[in-house]
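# Structure at a glance
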Amino acid sequence: HVPWRHLSDARGAGGERPAYDLVCLHGTLEVVDDPDTALANIASVLAPGGTLSLVVAQRLPAVLSRALAAEFARAGAILERPDGRWGADDPAPRRFDEAEVLALLTAHGLTPVDSHGVRIFSDLVPSALVDSEADRTALLELEEAASRHPDHPLLGALGSVRHVLATRD
(Lines give C-alpha, C1' and ligand atoms only; values in the text may rest on other atoms or scores of the structure.)
Protein backbone atom coordinates (compact mmCIF):
# COMPACT_ATOMS: atom_id res chain seq x y z
CA HIS A 1 0.00 0.00 0.00
CA VAL A 2 1.47 3.32 -1.12
CA PRO A 3 -0.55 6.55 -0.67
CA TRP A 4 -1.41 8.01 -4.12
CA ARG A 5 0.46 11.27 -3.49
CA HIS A 6 3.69 9.35 -3.05
CA LEU A 7 3.32 7.02 -6.03
CA SER A 8 5.33 9.22 -8.37
CA ASP A 9 8.27 9.08 -5.92
CA ALA A 10 8.03 5.36 -5.16
CA ARG A 11 11.05 3.24 -6.10
CA GLY A 12 11.86 -0.43 -5.85
CA ALA A 13 14.97 -1.83 -4.14
CA GLY A 14 16.99 -1.30 -7.35
CA GLY A 15 15.73 2.25 -7.85
CA GLU A 16 13.15 1.28 -10.49
CA ARG A 17 9.59 2.52 -10.41
CA PRO A 18 7.17 -0.18 -9.28
CA ALA A 19 4.52 -1.42 -11.65
CA TYR A 20 1.19 -2.36 -10.11
CA ASP A 21 -1.26 -4.72 -11.81
CA LEU A 22 -4.23 -3.22 -9.99
CA VAL A 23 -4.82 0.18 -8.42
CA CYS A 24 -8.09 0.96 -6.64
CA LEU A 25 -8.93 4.64 -6.41
CA HIS A 26 -12.33 4.69 -4.71
CA GLY A 27 -13.76 7.93 -3.33
CA THR A 28 -10.45 9.72 -3.75
CA LEU A 29 -10.45 11.67 -7.01
CA GLU A 30 -13.16 14.01 -5.76
CA VAL A 31 -11.11 15.05 -2.72
CA VAL A 32 -7.59 15.51 -4.14
CA ASP A 33 -6.36 19.01 -4.95
CA ASP A 34 -5.63 18.16 -8.59
CA PRO A 35 -7.41 15.14 -10.15
CA ASP A 36 -5.33 15.44 -13.32
CA THR A 37 -2.04 15.14 -11.40
CA ALA A 38 -3.43 12.30 -9.29
CA LEU A 39 -4.37 10.30 -12.38
CA ALA A 40 -1.00 11.08 -14.01
CA ASN A 41 0.72 9.60 -10.93
CA ILE A 42 -1.54 6.55 -10.92
CA ALA A 43 -1.00 5.93 -14.65
CA SER A 44 2.77 6.23 -14.21
CA VAL A 45 2.91 3.28 -11.81
CA LEU A 46 0.26 1.07 -13.39
CA ALA A 47 1.83 -1.85 -15.26
CA PRO A 48 1.11 -2.16 -18.98
CA GLY A 49 -2.16 -4.06 -19.19
CA GLY A 50 -2.80 -3.25 -15.51
CA THR A 51 -6.24 -2.20 -14.30
CA LEU A 52 -7.43 0.92 -12.53
CA SER A 53 -10.66 0.61 -10.56
CA LEU A 54 -12.01 4.13 -10.13
CA VAL A 55 -15.09 5.16 -8.15
CA VAL A 56 -16.12 8.83 -8.19
CA ALA A 57 -19.10 10.87 -7.00
CA GLN A 58 -21.44 11.81 -9.84
CA ARG A 59 -23.03 15.19 -10.52
CA LEU A 60 -26.45 14.21 -11.95
CA PRO A 61 -27.71 12.23 -8.94
CA ALA A 62 -26.69 15.06 -6.61
CA VAL A 63 -28.79 17.45 -8.70
CA LEU A 64 -31.73 15.05 -8.51
CA SER A 65 -31.30 14.52 -4.77
CA ARG A 66 -31.24 18.26 -3.99
CA ALA A 67 -34.22 18.92 -6.27
CA LEU A 68 -36.23 16.16 -4.55
CA ALA A 69 -35.37 17.79 -1.22
CA ALA A 70 -36.78 21.10 -2.59
CA GLU A 71 -33.29 22.66 -2.51
CA PHE A 72 -33.65 24.09 -6.00
CA ALA A 73 -30.87 26.69 -5.80
CA ARG A 74 -28.41 24.03 -4.65
CA ALA A 75 -29.57 21.66 -7.41
CA GLY A 76 -29.05 24.39 -10.00
CA ALA A 77 -25.61 25.25 -8.67
CA ILE A 78 -24.50 21.60 -8.79
CA LEU A 79 -25.69 21.43 -12.36
CA GLU A 80 -23.91 24.61 -13.46
CA ARG A 81 -20.67 24.82 -11.47
CA PRO A 82 -17.59 23.19 -13.04
CA ASP A 83 -16.75 21.38 -9.78
CA GLY A 84 -20.31 20.05 -9.32
CA ARG A 85 -20.73 21.69 -5.90
CA TRP A 86 -23.61 23.80 -4.62
CA GLY A 87 -21.28 26.25 -2.88
CA ALA A 88 -18.70 26.71 -0.14
CA ASP A 89 -20.82 24.82 2.43
CA ASP A 90 -21.14 21.72 0.23
CA PRO A 91 -19.37 18.83 2.00
CA ALA A 92 -18.39 17.28 -1.35
CA PRO A 93 -15.21 18.86 -2.74
CA ARG A 94 -15.99 17.79 -6.32
CA ARG A 95 -18.44 15.74 -8.41
CA PHE A 96 -17.88 14.37 -11.90
CA ASP A 97 -19.75 13.68 -15.10
CA GLU A 98 -18.99 10.44 -16.92
CA ALA A 99 -17.55 12.19 -19.99
CA GLU A 100 -15.18 14.19 -17.78
CA VAL A 101 -13.89 11.06 -16.03
CA LEU A 102 -13.42 9.15 -19.29
CA ALA A 103 -11.54 12.10 -20.82
CA LEU A 104 -9.21 12.28 -17.79
CA LEU A 105 -8.46 8.59 -18.08
CA THR A 106 -7.75 8.62 -21.80
CA ALA A 107 -5.58 11.73 -21.43
CA HIS A 108 -3.25 9.61 -19.28
CA GLY A 109 -3.06 6.56 -21.53
CA LEU A 110 -5.79 4.61 -19.79
CA THR A 111 -8.50 2.84 -21.78
CA PRO A 112 -11.93 2.62 -20.12
CA VAL A 113 -13.32 -0.90 -20.45
CA ASP A 114 -16.39 -0.60 -18.22
CA SER A 115 -18.34 2.30 -16.76
CA HIS A 116 -21.56 2.13 -14.82
CA GLY A 117 -23.48 3.86 -12.07
CA VAL A 118 -23.61 2.39 -8.59
CA ARG A 119 -26.16 3.05 -5.83
CA ILE A 120 -28.93 4.09 -8.20
CA PHE A 121 -31.71 3.33 -5.74
CA SER A 122 -29.90 2.46 -2.51
CA ASP A 123 -29.27 6.07 -1.53
CA LEU A 124 -32.89 7.03 -2.20
CA VAL A 125 -34.80 4.17 -0.55
CA PRO A 126 -35.32 4.71 3.20
CA SER A 127 -33.56 1.98 5.16
CA ALA A 128 -36.77 1.24 7.10
CA LEU A 129 -38.24 -0.07 3.84
CA VAL A 130 -35.39 -2.53 3.34
CA ASP A 131 -35.46 -4.39 6.64
CA SER A 132 -35.27 -8.02 5.55
CA GLU A 133 -32.59 -10.03 3.80
CA ALA A 134 -35.06 -10.65 0.96
CA ASP A 135 -35.60 -6.90 0.56
CA ARG A 136 -31.85 -6.19 0.54
CA THR A 137 -31.24 -8.95 -1.99
CA ALA A 138 -34.04 -7.67 -4.23
CA LEU A 139 -32.66 -4.12 -4.05
CA LEU A 140 -29.14 -5.29 -4.93
CA GLU A 141 -30.44 -7.35 -7.85
CA LEU A 142 -32.38 -4.35 -9.14
CA GLU A 143 -29.29 -2.14 -8.74
CA GLU A 144 -27.18 -4.57 -10.79
CA ALA A 145 -29.79 -4.94 -13.53
CA ALA A 146 -30.45 -1.19 -13.79
CA SER A 147 -26.79 -0.17 -13.77
CA ARG A 148 -26.08 -2.11 -16.96
CA HIS A 149 -29.46 -2.28 -18.70
CA PRO A 150 -28.79 -1.99 -22.45
CA ASP A 151 -32.13 -0.31 -23.23
CA HIS A 152 -31.98 2.20 -20.36
CA PRO A 153 -28.44 3.58 -19.99
CA LEU A 154 -29.76 6.68 -18.24
CA LEU A 155 -30.36 4.62 -15.11
CA GLY A 156 -26.61 4.12 -14.67
CA ALA A 157 -26.12 7.88 -14.92
CA LEU A 158 -28.34 8.22 -11.85
CA GLY A 159 -26.06 6.21 -9.57
CA SER A 160 -24.63 8.27 -6.71
CA VAL A 161 -21.20 7.12 -7.79
CA ARG A 162 -19.67 5.90 -11.04
CA HIS A 163 -17.42 2.84 -11.17
CA VAL A 164 -14.99 2.79 -14.08
CA LEU A 165 -12.51 0.07 -14.92
CA ALA A 166 -9.65 1.15 -17.18
CA THR A 167 -6.51 -0.54 -18.41
CA ARG A 168 -3.13 0.96 -19.16
CA ASP A 169 -2.17 0.85 -22.83
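Residues numbered from 1 in each chain as written. Predicted model: local features only at pLDDT ≥ 70, side-chain atom pairs only at ≥ 80, totals over all residues. Heavy atoms only, no water.

## Describing helix α3 (residues 72-80)
As a reminder of what qualifies: Buried residues are those whose accessible area, probed at 1.4 Å on protein chains only, stays under 20% of the maximum for their type, while exposed residues exceed 50% and partly exposed ones sit between those limits. The helix count covers DSSP runs of H or I at least four residues long, the strand count covers runs of E at least two residues long, and both are numbered beginning at the N terminus. What the arc describes is the spread of directions from the helix axis to the C-beta atoms. The criterion used for residue contact is that any of the two residues' heavy atoms lie within 4.5 Å.
Looking only at α3, the buried set comprises Ala 75, Ala 77 and Ile 78. Here the buried residues of α3 occupy an arc of 165 degrees about the axis, which is enough to place them on one side. Residues Phe 72, Ala 73 and Glu 80 are exposed on α3 and point more than 90 degrees away from its buried face. Check the buried side of α3 and you find it contacts α2 (59-68).

## Quick word on the confidence of the model for the protein
The following threshold applies: Confidence scores per residue from the predictor, reported as pLDDT, run from 0 to 100.
Averaged over all residues, the pLDDT of the protein equals 89, while 90% of them reach at least 70. Within the protein, the lowest mean pLDDT, 84, falls on helix α6 (residues 154-157), and the highest, 97, falls on α3.

## Considering the pairing of strand β2 (residues 46-57)
Short version of the rule: For two strands to count as paired, DSSP must find a minimum of two bridges between them. The handedness rule is simple: strands pointing away from the viewer, and a clockwise path from the first strand over the helix to the second, make the crossover right-handed.
Summarising burial for β2: 9 of the 12 residues are buried, a large majority. Strand direction decides the pairing type here: strand β1 (residues 20-26) and β2, joined by 6 bridges, are parallel. Paired with Tyr 20 across the two strands is Leu 46, which belongs to β2. With helix α1 (residues 35-45) bridging β1 and its parallel neighbour β2, the resulting β-α-β unit is right-handed. Bridge analysis of β2 against strand β4 (residues 161-168) gives 7 bridges, and the strand direction is antiparallel. What sits directly across from Val 56, in β4, is Arg 162.

## Re the pattern of salt bridges
Stated precisely, the cut-off is as follows: Put simply, a salt bridge is a Lys or Arg side-chain nitrogen that is within 4 Å of an Asp or Glu carboxyl oxygen.
Taken as a whole and assessed by the stated rule, the structure comprises 11 salt bridges. For Glu 98, the salt bridge goes to Arg 162, with nearest N and O atoms at 3.4 Å. Of this pair, Glu 98 sits in helix α4 (residues 98-107) while Arg 162 sits in strand β4; the two residues are 64 residues apart in sequence, bridging distant segments of the chain. Arg 148 is paired through a salt bridge with Glu 144; the nearest N and O atoms lie 3.2 Å apart.

## Here's the deal with the side chain of Glu 30
Stated formally: The charge count treats Lys and Arg as positive and Asp and Glu as negative. His and the chain ends do not count. Counted as a polar contact is a pair of N or O atoms within 3.5 Å, where, for protein atoms, one must be capable of donating a hydrogen and the other of accepting one, and residues adjacent in sequence contribute only when both atoms are in side chains.
You can see Glu 30 is positioned in the loop between β1 and α1. Lacking a salt bridge, the buried Glu 30 has Arg 94 as its closest oppositely charged neighbour, with an N-O distance of 7.3 Å. Of note is the side chain of Glu 30, whose polar atom sits 2.6 Å from the backbone nitrogen of Ala 57. Once residues lying within four places of it in the same chain are set aside, the contact partners of Glu 30 are Val 55, Val 56, Ala 57, Pro 93, Arg 94 and Phe 96.

## Observations concerning the environment of Val 63
For Val 63, the location among the structural elements is in helix α2. When its relative accessible area of 12% is taken as the criterion, Val 63 is described as buried. Residues Val 63 and Ile 78, spaced 15 residues apart in sequence, show a C-alpha to C-alpha distance of 6.0 Å. Each residue touching Val 63, except ones within four places of it in the same chain, is listed here: Ala 75, Ile 78 and Leu 79.

## Observations concerning the sheet that holds β4
Here is the rule: Every angle, taken between N-to-C directions, lies between 0 and 180 degrees, and every axis is a line fitted to C-alpha atoms, over only the stretch in contact when it is a helix.
Strand order in the open sheet formed by 4 strands is β1-β2-β4-β3, with mixed pairing between adjacent strands. Sheet topology places β1 and β3 (110-118) at the edges, where each strand pairs with a single neighbour. Going across the sheet, the axis of each strand differs from the next one's by a mean of 10 degrees, ignoring polarity.

## Here's the deal with unusual backbone geometry
Of note, Ala 70 is a non-glycine position whose phi angle comes to about 60 degrees, a positive value. With respect to the secondary-structure elements, Ala 70 resides in the loop between α2 and α3. On the basis of relative accessibility, which here comes to 51%, the residue Ala 70 falls in the exposed class. One non-glycine residue, Arg 119, lies in the positive phi region at around 65 degrees. Residue placement: Arg 119 occurs in the loop between β3 and α5 (133-147). Taking relative accessible area as the criterion, Arg 119 reaches 37% and is therefore assigned partly exposed.

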